[in-house]
Every structure is written in structure tokens, then in C-alpha cells.
Amino acid sequence: MLELFAIPLVKIVVLIGALMTVTAYLVLLERKMAAWVQDRRGPDRVGVPLTKIRLFGLGQPLADGLKFLFKEEFTPRHVEPLLYTLAPVVTLASALAIYAVIPMGDTLPLKIGASGANLSMVVAPGCDVGLLYIFALSSIAVYGVILGGWASNDKYSFLGGLRTSAQMVAYELPLGLGILGVVLVSGSLDLGKIIHQQADSGLWFAFTQPLGLVVFVVAAFAEAARLPFDLPECEQELVGGYHTEYSGMRLITFLIAEFMHMVTVSFLIVILFFGGWHFWGLTGSGPVESWGQGILRIGVLMAKVFGVILFFMMVRWSWPRFRFDQLMSLAWKVMLPQGLLNLALMAVLCEPFIAERIGSRHWGVFLLISWAVALLAWLVTALVQPSGPENSPQRVEPSI
Amino acid sequence: MRTDDPSIRWIEEPSLGLSGRMFLPLFVQGLTTTARHLFSPKVTVSFPEERPKVDNPLIYRGVHRLNRDAEGRVKCVACFLCATACPAHCIDIVGTESPWPDREKYPASFTIDELRCIYCGMCEEACPVDAIELTSLLDLTGRSREEMIFDKEKLLSVYDQTKDTEPMPSARLGGTL
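Remember, predicted model here, so these are calculated numbers, not experimental data. (Residues numbered from 1 in each chain as written. Chains lettered and ligands numbered in written order. Predicted model: local features only at pLDDT ≥ 70, side-chain atom pairs only at ≥ 80, totals over all residues. Heavy atoms only, no water.)

Section: the overall build of chain A
Scanning chain A from terminus to terminus reveals 14 helices and two strands. Its C-alpha atoms give chain A a radius of gyration of 23 Å, within 12% of the compact-globule value 21 Å for 400 residues. With the C-alpha coordinates aligned to their principal axes, the bounding extent of chain A is approximately 75 × 65 × 45 Å. When the 400 residues of chain A are sorted by exposure, 50% land in the buried category. A sequence separation of at least 24 residues applies to 76% of the contacts in chain A between residues at least 6 apart. Of the roughly 19,000 Å² of accessible surface on chain A, 72% is carried by carbon and sulfur atoms. (Helix = DSSP H or I, 4+ residues; strand = E, 2+ residues; numbered from the N terminus. Rg over C-alpha atoms; globule rule 2.2 N^0.38 Å. Buried < 20%, exposed > 50% of the residue type's maximum accessible area, 1.4 Å probe, protein only. Contact = heavy atoms within 4.5 Å. Areas by Shrake-Rupley, 256 points an atom, 1.4 Å probe, with all protein chains shown as cover.)

Some points on the environment of Ile369(A)
All names here are of chain A. Along the chain, Ile369 falls in helix H14 (residues 363–384). Accessibility expressed as a relative area gives 25% for Ile369, which makes it partly exposed. Once the C-alpha coordinates of Ile369 and Pro76 are considered, the two residues, 293 residues apart in sequence, prove to be 58 Å apart. When neighbours within four sequence positions are excluded, Ile369 is seen to be in contact with Leu345, Leu349 and Ile358.

With respect to the pairing of strand S3 (residues 105–113) of chain B
Residue and element names in this part refer to chain B. With seven bridges connecting them, strand S2 (residues 91–97) and S3 associate as antiparallel partners. Paired with Thr96 across the two strands is Tyr106, which belongs to S3. One ladder, built from two bridges, connects S3 with strand S5 (residues 149–150); its direction is antiparallel. Considered in S5, the bridge of Ile112 is made with Phe150. (Pairing = 2+ DSSP bridges.)

Observations concerning the interface of chain B and chain A
On the side of chain A, 25 residues touch chain B, which itself brings 28 residues to the contact. In this assembly, chain B packs against chain A so that about 2,600 Å² is buried in total across both faces, 62% of it on carbon and sulfur atoms. A per-residue breakdown of the area chain B buries against chain A is headed by Trp10(B), Arg21(B) and Met22(B), which together make up 23% of the total. Run the count over chain B and chain A and you get three salt bridges. Note that Glu49(B) is salt-bridged to Arg45(A), the shortest N-O span being 3.9 Å. Connecting chain B to chain A are nine residue pairs in polar contact (both at pLDDT 80 or more). Among the secondary structure elements, those contributing two or more residues to the side of chain B that touches chain A are helix H1 (18–21) and helix H2 (24–39) of chain B. Grouping the constituent residues of the side of chain B that touches chain A by class yields 15 nonpolar, seven polar and six charged. (Buried area = accessible area lost by both parts, 1.4 Å probe. Salt bridge = Lys/Arg side-chain N within 4 Å of Asp/Glu carboxyl O. Polar contact = N/O pair within 3.5 Å; in protein donor to acceptor, adjacent residues only side chain to side chain. Nonpolar A, V, L, I, M, F, W, Y, C, P; charged D, E, K, R; others polar.)

Here's the deal with helix H10 (residues 248–273) of chain A
Residues and elements named next belong to chain A. Here H10 is 26 residues long and its end C-alpha atoms lie 38 Å apart, about the 38 Å a rise of 1.5 Å per residue gives. The element H10 is extensively covered by neighbouring structure, given that 23 of its 26 residues are classed as buried. Positive backbone phi, approximately 75°, marks Gly275, located one or two places after H10. (Expected span 1.5 Å × (residues − 1).)

Thoughts on the packing of aromatic side chains
The tally for this structure, following the rule as stated, stands at 18 aromatic pairs over all chains. Taken together, a centroid distance of 6.2 Å and an interplanar angle of 85° make the contact between Tyr99(A) and Phe267(A) edge-to-face. In this pair, Tyr99(A) sits in the loop between helix H3 (81–97) and strand S1 (107–108) while Phe267(A) sits in helix H10, placing the two residues 168 residues apart along the sequence. The pair Tyr99(A) / Phe267(A) is uniform in exposure class, with both members buried. Each ring, one from Phe216(A) and one from Phe273(A), has its centre 5.4 Å from the other, and the planes form 40°; the classification is tilted. With a gap of 57 residues between them, Phe216(A) in helix H8 (residues 210–223) and Phe273(A) in helix H10 connect regions that are remote in the sequence. The structure contains a cluster of three or more aromatic residues connected by ring pairs, namely Trp204(A), Phe207(A), Phe274(A), Phe279(A) and Trp280(A). Sitting over the face of the ring of Phe68(A), Lys67(A) holds its NZ or CZ atom 4.8 Å from the ring centroid. Residue placement shows Arg73(B) over the ring face of Trp100(B); its charged tip is 4.8 Å from the ring centre. (Phe/Tyr/Trp six-rings, centres within 6.5 Å; stacked < 30°, edge-to-face > 60°. Lys NZ or Arg CZ within 6 Å of the ring centre and 35° of its normal.)

With respect to the layout of surface pockets
All names here are of chain A. Approximately 1,200 Å³ is the volume found for the second largest pocket. Lining of the second largest pocket is provided by 40 residues; of these, Val27, Phe68, Leu255, Ile256 and Phe259 occupy positions nearest its centre. Where the lining of the second largest pocket is concerned, the elements lending two or more residues are helix H1 (2–37), helix H2 (60–70), helix H9 (235–238), H10 and helix H11 (291–318). Of all the elements, H1 adds the most residues to the lining of the second largest pocket, at nine residues. Class assignment for the residues of the lining of the second largest pocket results in 22 nonpolar, seven polar and 11 charged. (1 Å grid on protein atoms, 1.4 Å probe; cavity = no way out; pocket = protein on both sides within 12 Å on 5 of 7 lines; lining within 4 Å. Points joined across faces, edges and corners; volume = space filled by probe spheres on them.)

Describing empty space enclosed by the protein
Evaluated as defined, the whole model comprises four cavities of 30 Å³ or more. Computed from the structure, the largest cavity encloses a volume of approximately 280 Å³. In terms of lining, the largest cavity is formed by 25 residues, of which the most central are Ser138(A), Met168(A), Glu223(A), Ala224(A) and His261(A). When contributions to the lining of the largest cavity are tallied by element, the ones reaching two or more residues are helix H4 (130–151), helix H5 (155–186), H8 and H10 of chain A. It is H10(A) that contributes the most residues to the lining of the largest cavity, seven residues altogether. A volume near 80 Å³ is recorded for the second largest cavity. Residue lining of the second largest cavity: 16 residues in total, with Cys76(B), Cys79(B), Cys82(B), Cys127(B) and Ala131(B) positioned closest to the centre. Residue composition of the lining of the second largest cavity, by class: 16 nonpolar, no polar and no charged.

See below:
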């Protein structure tokens, strides 16, 4: 009884509380980073409420939240009321539910219940279809966005929704192909097992599958609708995209969900490609034996995820946004073939019959081949340069 | 515009090299630029604690002041040139006969509506005796509209407040610079 209900419930409460707080502070960090990159200081005024203590602006998330809480929740008359209300709920619920299978560390040596097993840092431990579950839910999150855009019944929202659906369909493929390589090599869909696999070999999948990493990271940026792929809600073109007609708590629900996608994707990048909680000579690789080790593994995982999130935020200000046709040609003409190539390569290198003959059981050979193929693929893509339609003004010889 | 217009000068887009096609320079330049700015000194002025630096207070256009002459009298001769020049019509002067022998008129009242003023500096340009000037005081605030209508005493007090940091420009007209 305890194991079935009490522990997961406590985990869920702690996880959702922590996630909401962390998201709020990550928004502050994002604003700070944006300010620093633009030579500004960023929000530094709001500190402890009702005092003059500023704390470098650490009270800003609270103020932002309160602002959204007290704003009028306006529903335009021209919307489809049911779907309009449902959309942010769907988006946030699926964004949160994804965290049920994402490990926040390994285990802690805290024996609860009859089984005597360590306390796992996953809400649903040992979920054998973890990755499938994540993919299913992230697809539902896209429905939330499309619903929001469509139910709003105005042109900007509709265009934002359309762009989202097109972009998500296009980038779900490379995202899946990037993951497939990892799944093929590790032989499991369980995120915990994938981490253990990397920890045991000491060789993160980022090193053995560079092509898969590139494909996955690019697709992840697009899936999270972050710059340079934030076409669904680019302010310069679409006002706010799919959430143009939303205000108050519904709007912040959308914004939180969107931010959480970024955090989820960061977790996935770290877990699938950067060894999760593993770090050489620091965390060990077997089951957790002591409290120190368990906490260290949590710390290492969080540090890595934080690093990836910082990278996300830096990228936002580093490169210009793609045009929509460029976005599409990147997905279908570059990322899809490279993902397929990565999948085929991993299948070939792991096939026992072939591995025996070319020696790819040895990790050195494996690395050499995969990096050579990755560089070659990149080079070929650069030479062929598949691009979108040429629509720049063309020179015409004067007719007179 | 017609694309076959002979007066158009066509510029060929420079072709990317191999590294450019591999996105490498773009990748490196983008990240290094943002990383450099991330740690570079910030330009924001934290206003109430930190005062913005005014390059040259003598030509800055802030709150007005009415200058005093060497004997401490108001320099204004109530010629109405500033009120005439003012595009916002924010200066109101009531001139009367001067009690002093060196001029005919002086302002009995001199009011400027600081909320109406657009701080263009035309009054300062127009004044023949350098009586009205714009100071470098830039944070002008008040709690009511009435408070923001500055009378002669207030404008003279602005002079007393700023005469040491911002001397009057023209010595020929009795200035201190």
C-alpha cells in the first residue's frame, strides 16, 4: 500500500513543486542572460516583498506570477470556448506528466516497504517504455498548441498553430531517429537503464554517435520551439503566435508548459547522450551504495542539465531565426537523411556478424568509424547543400 | 520596381566557402559574440543610486533656471522673446516697470509650466540677456500639476542651486564663465 500509493504521491508532490519553482527561476535566469548578452543588467530590483532588500532580483518570479494571477482572464467572444479553455490545460498536463519517467538521479539508499529496494529517483521507476511514453505525451502537447491556435479563431493564432503542426510533424522524425540509434545500442527504452549502460561502459553516446547527437539536438531545439526555430510564435511576424488571444493564468500556463518542454528536452539530451548522472571517477557506475554517492549522482545530473539549459539560452541570442522554408528543408533534406544514416550505421556496427569482422566490438574502432561517417555526412551535406526554393530577386538583362 | 531597370546596380551574393557551408563560421562567431557580451561591462545605469553621466552640463537641456546678476537681482528684462519663441507656449510673463535705473522693465511674475515644456531650448536661444537657461537637472518630479508650474522664486532657487556647478556661459553679458 505504502509503496503503491504513498511514495509515488510524495514524489509527485515534491517533483511538481520543485519543477514549478525551478521553472520560475529559470525564467528569471533567461531574462538575466538575455540582459547580459545585450550588455544590460536585467531585472535586479524585486527582492523580499514589502522591504527594500533586493537580493539581485530574486523576487522577480514571485512578482511575475502575482501579476499574471491578478490579470483579467479575458475570453474573446469569437473563440470556441471549450477548446479555448482546454488547450492550455492539455499543454501543461502533458508537459508535467512527461516527468513521471524522467530520472532525477539514480537511487537513494532509503529502504521503504517490503521489497527492500533503494528509493528510486523516478516517479514511475522501471518503466520499460519510458521513451515511448515521453514521445506520446510530447505529441499530445503539440495538440494543445494547435487547439489553442485554432480555437482562438483569429489569423495570427491560426498561423501560429499551423506552423507548429507543420514544424512538429517535420521534426518529430529526426528526433525519433536520433533516439533510435541510442535505443538500438543500449537495447532499452527505460531511461534509467540507458544511463546505467553509459555508466558501465564509461562511453557516453555523445561520443559514439556524434551524428545522432547533432540530429537530436537540432530536432530538440525545434520541438521546444526555441530560437532559431521559434517560428510558431515569432513576435515580429505573428504577434504572439498561438497564444495571442490568451491572457492571465491561461497565458502563463502556456508559457510554463513551453518552458518545461525546454527543460524536458535538456533532460533528454543529458540522459540519452551525456551519460545522465555518470561522470568518470566521480559517481561510480554500479548500484548506489551510500548516501553520498546517491546525492552526488543527483548533483551531477542536475549540473549537466543546467549546462544544457544555459546552452539553450545562449543559442537564443547567437543565431538568427530560420525562414520557414529553410526550416522545412533543414528537417526533410538534411536532418532526416542524417538521422537515417545514423540509424543504419548503428545497426551495422552493432550487428554481431559484421561487428566480428570489422572489429567494431572494440570501442576504439567503433568511435573511429562513427566519427568518420559523421564528418563525411556533414561534408557531403555541405557540398550538396540542399536548400529551399531560391526566391531572392534575380538579375534580368535589360530588355532595351 | 522593375527588375530590368538599367539603373539598378546588381550585387552578386558572395558564395560561401566549404566551411561556410558547414555552418562552422556561423556557429563559432555566434557563440563567441554572445559569450563575449555575456561578460562585458554593462551599460545600464541603476538610476536612483547611480546618476547618469551628463557629458557637458552647460549644453544639457534639463530644468530651467532664471539667472541672477552680480547684485542678486533677476537678470530678466521682461522682453517676452522667450515666450514668443516657445513652441509649447509654456512661459507666462507679467512685465512691469523696473525699480532699478539700468533697465525699463522687469518680470513681476515669470512662470513656466514644466509639464508643458518640451525642453527644446528655444527660450535660452532667444534670450538677449542670458536670463533663462536650461540646467542639467534631469529628474524632475512632482505630485501634482500645480507643483510643476514653476514661478519666479522657484526658478531663481534653481539658479542658486546650480550656479556653482553650471556657471553662466557668457561673460560679456555678466556671466561668470
